[in-house]
Amino acid sequence: MKYKGTVVQWNHQKGFGFIQPQAGGENVFFHISALSDRQSRPRMNERVSYELSVDNKSKKSAKSVMFVKAHSGLDKYTAPMSKAQGFSVLFLALVAGWVWLARCSYWVLIGYVCLSIVTFAVYAHDKRAAQKEAWRTKEASLHLLALVGGWPGALWAQKILRHKSQKQPFKVILWLTIFINISVFILVFTPLGQQWLHNFIASIGY
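Caption draft 1: Seen up close, the pairing of strand E3 (residues 28-31). The side-chain alternation of E3 yields one buried face, formed by Val28 and Phe30, and one unburied face, formed by Phe29 and His31. Across 4 bridges, the pairing between strand E2 (residues 16-21) and E3 is antiparallel. Each residue of the ladder has a partner; that of Phe16, found in E3, is His31.

Caption draft 2: Molecular detail of the nonpolar core. Membership of the largest hydrophobic core comes to 22 residues, with the highest contact counts inside it found for Phe91, Tyr123 and Trp151. Per-element accounting of this core gives the leading share, 7 residues, to helix H4 (residues 139-160). Setting aside its immediate chain neighbours within four residues, Trp151 contacts Phe87, Ser88, Phe91, Tyr112, Leu145, Ala146, Ile178, Asn181 and Ile182. Of all hydrophobic cores here, the second largest spans 13 residues; its members include Trp10, Ile32, Ala34 and Ala62.

Caption draft 3: Quick look at unusual backbone geometry. Even without glycine at this site, Asn45 takes up a positive phi of about 65 degrees. Its place among the elements puts Asn45 in the loop between E3 and strand E4 (47-54). Unusually for a residue other than glycine, Ala102 sits at a positive phi of about 65 degrees. Along the chain, Ala102 turns up in the loop between helix H2 (83-100) and helix H3 (106-132). On the accessibility criterion, Ala102 (66% relative accessible area) is exposed.

Caption draft 4: Geometry of the packing of H2 against H3. At their nearest, the axes of H2 and H3 sit 8 Å apart, and the two run at 160 degrees to each other. Considered as vectors, H2 and H3 are oriented roughly antiparallel to each other. Considering only the axes of H2 and H3, their crossing is left-handed. Contacts between H2 and H3 involve Phe91, Leu92, Val95, Ala96 and Val99 from the first element and Tyr106, Val108, Leu109 and Tyr112 from the second. Residues that form the contact of H2 with H3 fall into these classes: 9 nonpolar, no polar and no charged.

Caption draft 5: Structural detail: the side chain of Thr177. Its place among the elements puts Thr177 in helix H5 (residues 168-189). Note on Thr177: relative accessible area 8%, which makes it buried. Once you skip the residues sitting within four places of it in the chain, Thr177 turns out to touch His143, Ala146 and Leu147.

Caption draft 6: The arrangement of the packing of H2 against H5 in detail. Contact geometry for H2 and H5: axes closest at 13 Å, N-to-C directions at 15 degrees. Classified by the interaxial angle, the pair formed by H2 and H5 is roughly parallel. As H2 runs across H5, the sense of the crossing is left-handed. On the side of H2, the interface is formed by Ala84, Phe87, Phe91, Val95 and Trp98, while H5 contributes Trp175, Ile178, Ile182, Phe185 and Phe189. Each residue belonging to the contact of H2 with H5 can be placed in one class, and the counts come to 10 nonpolar, no polar and no charged.

The rules behind these values
- Residues numbered from 1 in each chain as written.
- Predicted model: local features only at pLDDT ≥ 70, side-chain atom pairs only at ≥ 80, totals over all residues.
- Heavy atoms only, no water.
- Buried < 20%, exposed > 50% of the residue type's maximum accessible area, 1.4 Å probe, protein only.
- Helix = DSSP H or I, 4+ residues; strand = E, 2+ residues; numbered from the N terminus.
- Pairing = 2+ DSSP bridges.
- Core = buried A, V, L, I, M, F, W, Y, C linked by side-chain atoms within 4.5 Å.
- Contact = heavy atoms within 4.5 Å.
- Axes fitted to C-alpha atoms, helices over the stretch in contact; angles between N-to-C directions.
- Parallel < 35°, antiparallel > 145°, perpendicular 65-115°, else oblique.
- Left-handed = near helix turned anticlockwise from the far one by under 90°.
- Nonpolar A, V, L, I, M, F, W, Y, C, P; charged D, E, K, R; others polar.

See the structure below:
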């Protein structure tokens, strides 16, 4: 049976929200996986239709959630920038500033940008392969691209392509590669990092 309601709460980062039934009653929980259109995201006060699902604990939730008014399909581009994507933009801006101050070669910035584009393209290829049940790109390869500097592209691929954005173990390893990559950048291209690295190498020499 189809019901109608209005989206009264939506957590973009965690991927869940609540619908206020048109007929009244308690708000109904729904998860991102319940959306019929996975490429779009709910908007506040948007009208939707849905079916009810009841789990073994008699807890109700919405399934087969559909937007009453079709989306343009641009939601994946216009959705608010998350902290992760904002962090990647900030990092690239800092690298650009470091290049401008002649603290590192412009090839470092070009490398990050090019690797990010390549990484984004590989994510896109892997998503198409997943949809067609074709040969997939190994997760180790995706992590290697992120490790060598393509991680900004990986974060943006998760936002725009909705790929590898829900799998928790993958996300943990991705952020580990990001931490390692930034740590290496700091060690190689900042005075403080270079001093620490010099002292560490000297201590090993003794």
